[in-house]
Amino acid sequence: MDILWVSGFTVGKSPTANKDKLHPCNLLLSGEDACIYVSKERPPEPRCPLASRVCSLTPAEDLRTPIAPKYTYVRLDELKNMAVVNVYGVVVFFKQPFKSRGTDYCSSLKITDQSDHKIGCTIFCEKLQDHPRIFQTGDIVRMHRVKVRLHNNSLTLVNTFGFSVVTFSGAVGGDMEPRTSSKSIQLDEDDWHIVEELRLWAACRTSLLSISAAVPLSAVQPNAYFDLICQLLAKASIDSTCTLLKVWDGTRCPHALLKVIVEPNSTEGPSSFSKHKESHIANVLVYDNHVEFSKHLKPGAFLRIYNLRAIPGSSRASGLTSSQPVEPDHLAFHLHGGTSYGRGIRLLPENSPEVQELKRAMDAFSDHQDEEVSELNDSELLEVWSTPPQFIDGDVVDCRTERCCDHQLQVVTLSQVKQSAGGQTHHVRAQIGSYEPRQLHHALKLFCCSCFTIQDIPDDELLAGIFSEATRRPTACTPPPWALSGHVDLPGDASASQQHSTSVHLSTKLMTEGKTEQLIFLMGCSLEETQQLSAAYPNVVPVAPSCGRLALLDLTAPFLFRGTNRHYGCKRCSEPAVREPSDAGAEQIDETIIAETLSVQPLQLVLLLKLQLQDATDTLDVYLWRHAELFFNVAATDISTNQEAQNTIHQTMDTLCPPEGSIGEQPWLDLCLMAYQTEGEKRQSQTCYQICNTVVVKPCCNSPDNEQ
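We now turn to the structure provided with this report. Computed from a prediction, not measured in an experiment: that's the story for all the values here.

## A few points about the overall build of the protein
Of the regular secondary structure elements, the protein holds 15 helices and 34 strands. Looking at the protein as a whole, 44% of its 708 residues qualify as buried. Looking at the protein alone, contacts between residues at least 24 apart form 66% of all its contacts between residues at least 6 apart. Carbon together with sulfur atoms contributes 49% to the accessible area of the protein, which is approximately 36,800 Å² in total.

Below, the structure is given as structure tokens:
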């Protein structure tokens, strides 16, 4: 009986399973990488004459042990879309596995080889142990049965059926111990040769790789991001979004560290240590998605914490009680939420070189408790940080939100918000998964605070048509008795090309008060000409003849131009009429006085965004508009005319919800939500949600609570 070894196949549904009653799946072999290996099974030992006779008839060359298939590895510059391949590569970037929206964990990495091609890899596996066990950039991975796909015009690798991965240390001369959960791994001399070649090649490519070196506590600098190899001594839950890890590495941080007070009965592990050892212990606060992983950590475990941040001037950590003492000059260690820059926690095996070095430092502490451990104070470690090479002080924009309400509420999940009755206020911690509209000018709306309607801002093409139609009307009309009429010269060369009659009407009352130019009623001008005049006069009201009298234009158009600002009125709530300002004693004529004079209900410029929030439990669509100016700290009127204000909104949203394909990660936001009832399209009651009493906090703010 022959033995078949099949490689490079995919599993498909059998179209004849119902008829032939065979297996419901077929093995589909196609492409250059599909192979079938055939070998003879060793015959049974002679126990009977028949068996002896079979043995005597079997050629000697077929009496051999089945040979394992020989794997072929493809260089990264030779990958072809949709091919299933085996590859080797050096890790130049990676993220720890994190929980996806489904049942799997997801990890991502980027690898390269001697071809200098960098290829991204995305791996989904239900079990954490099936993911690559990468400790640092520079490690080498071997992946079998990964599929090449085209994503955003770039080739990427994804795991497919039968996927397996092995990781090796990337240090030249390092051990060849493979890191894998597989019990049937096959390695031969060719594998050792490939690994050594990649190690030597990577060691010469200093411009390509920044091998991440962990930094001991004795070398930590304020404001730095770094990796920490340590032992977990104890842990305690602060709240649902924060966990305290008490760790040490045998060295002492030269800076005063934040002390975190927790209840002894809430601590897993020892709640107190000797005074001298306490001075060597660091309190690490981990947030959001890392809280779930920390639940599985046991005191005594050896950890590598990636992209830990040392924050100076922390007075109180988020989630701690009021009994926490204020320590303005102390250093705090925070592991922010998300997976940017490989942020996360990794359990290290006790036989790893990193743990062996850590144990030597801790043994030295036990032997010389009055001395600092000098072995790990190498000044070279200060020059090599574990964060990716993109990190330079100021380049990483940290951005989050704060609630500014007085509500005393517990933070709840989005799933709990959906299950709650309408009309309530909720505090949540979530990410922005997406938002719309992506183009800012589509987010600016006109809102009537009288009838509560929201409408789009008309575009210039529509407005130009309204003004053009007004200029074609018969100009014969009787000006009001309070008006002094005349003609106006347009700025620049506009008057030379003018094809219609332009007239202006002024208030005699304002003229007697020396305020002649504070308000003009303009008739017979195009939209462009009106904008030109609005730069020379503080208040311009466009009018047109109607039934022999002066009247405002259709309220689709602005009823007032003030510099670069346009003011619109509500058609439903206004009774427009051209009148003389009644409040002539005012020092300045503003839009409020003019709107009251013309009986126009002004529309308010608002910013309206629809955001999809997400957390580990659910997603929720919310609106941001009533408190949008508070949220962004930018006035909607400035957004419509000021490029700097527009850039502020764009940059903020790109930070809170990075565009697809960028290296940024959605930060976790503290939000206050208001639920309210409204009528849907079929007049059915539905619950909607708004973000309220929330502000965006950026690094330029000096509040110590801004760092979480």
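## Here's the deal with the environment of Phe-447
By the secondary structure assignment, Phe-447 is in strand β20 (residues 444–447). Owing to a relative accessible area of 5%, Phe-447 belongs among the buried residues under this scheme. Separated by 121 residues in the primary sequence, Phe-447 and Tyr-568 have C-alpha atoms spaced 9.8 Å apart.

## Comments concerning helix α3 (residues 189–203)
Counted at 1.5 Å a residue, the expected span for α3 with its 15 residues is 21 Å, and the 21 Å between its end C-alpha atoms agrees. Listed in full, the buried residues belonging to α3 are Asp-191, Val-195, Leu-198, Arg-199, Trp-201 and Ala-202. Buried residues belonging to α3 abut β5 (84–99), β6 (105–112), β8 (140–151) and β9 (154–168).

## Regarding the nonpolar core
By size, the foremost hydrophobic cluster in this structure holds 59 residues, and its most contacted members are Leu-607 and Phe-632. Apart from residues no more than four positions distant in its own chain, Phe-632 is found in contact with Leu-607, Leu-609, Leu-624, Ile-649, Thr-652 and Met-653. In this structure, Ala-83, Cys-125, Leu-157 and Leu-233 belong to the second largest nonpolar core, which totals 36 residues.

## A short note on the pattern of salt bridges
Tallied over the full model, the rule gives 16 salt bridges. Note that Lys-235 is salt-bridged to Glu-268, the shortest N-O span being 3.7 Å. Of the two residues, Lys-235 sits in strand β10 (residues 225–239) while Glu-268 sits in strand β12 (residues 267–268), which places them 33 residues apart along the sequence. Of the charged contacts, one joins Asp-618 and Lys-418 as a salt bridge, the two residues approaching to 3.4 Å between their closest N and O atoms.

## Description of the packing of aromatic side chains
The final tally for this structure, using the stated rule, is 9 aromatic pairs. Sitting over the face of the ring of Tyr-105, Lys-99 holds its NZ or CZ atom 4.7 Å from the ring centroid. Its end group placed over the ring of Trp-248, Lys-277 keeps NZ or CZ at 4.4 Å from the ring centre.

## What about a nonpolar patch on the surface?
Residues Leu-4, Val-6, Val-11, Leu-27, Leu-29, Ile-36 and Phe-161 make up a contiguous nonpolar surface patch of about 650 Å² in total accessible area. For the nonpolar patch, the secondary structure elements donating two or more residues are β1 (2–7) and β3 (25–29). Relative to the assigned elements, Ile-36 resides in strand β4 (residues 35–40). When its relative accessible area of 52% is taken as the criterion, Ile-36 is described as exposed.

## Some words on the sheet that holds strand β29 (residues 604–607)
The 3 strands lie next to each other as β21-β20-β29, forming an open sheet whose pairing is antiparallel. At either margin of the open sheet sits one strand with a lone partner, and together these are β21 (454–456) and β29. For this sheet, the mean inter-axis angle between neighbouring strands, taken without regard to orientation, is 45 degrees. One ladder, built from 4 bridges, connects β20 with β29; its direction is antiparallel. Bridged to Lys-445 within β29 is Val-606.

Reading the values: the criteria
Residues numbered from 1 in each chain as written. Predicted model: local features only at pLDDT ≥ 70, side-chain atom pairs only at ≥ 80, totals over all residues. Heavy atoms only, no water. Helix = DSSP H or I, 4+ residues; strand = E, 2+ residues; numbered from the N terminus. Buried < 20%, exposed > 50% of the residue type's maximum accessible area, 1.4 Å probe, protein only. Contact = heavy atoms within 4.5 Å. Areas by Shrake-Rupley, 256 points an atom, 1.4 Å probe, with all protein chains shown as cover. Expected span 1.5 Å × (residues − 1). Core = buried A, V, L, I, M, F, W, Y, C linked by side-chain atoms within 4.5 Å. Salt bridge = Lys/Arg side-chain N within 4 Å of Asp/Glu carboxyl O. Phe/Tyr/Trp six-rings, centres within 6.5 Å; stacked < 30°, edge-to-face > 60°. Lys NZ or Arg CZ within 6 Å of the ring centre and 35° of its normal. Patch = residues over 30% accessible without salt bridge, like charges linked within 9 Å, V, L, I, M, F, W, Y side chains within 5 Å. Pairing = 2+ DSSP bridges. Axes fitted to C-alpha atoms, helices over the stretch in contact; angles between N-to-C directions.

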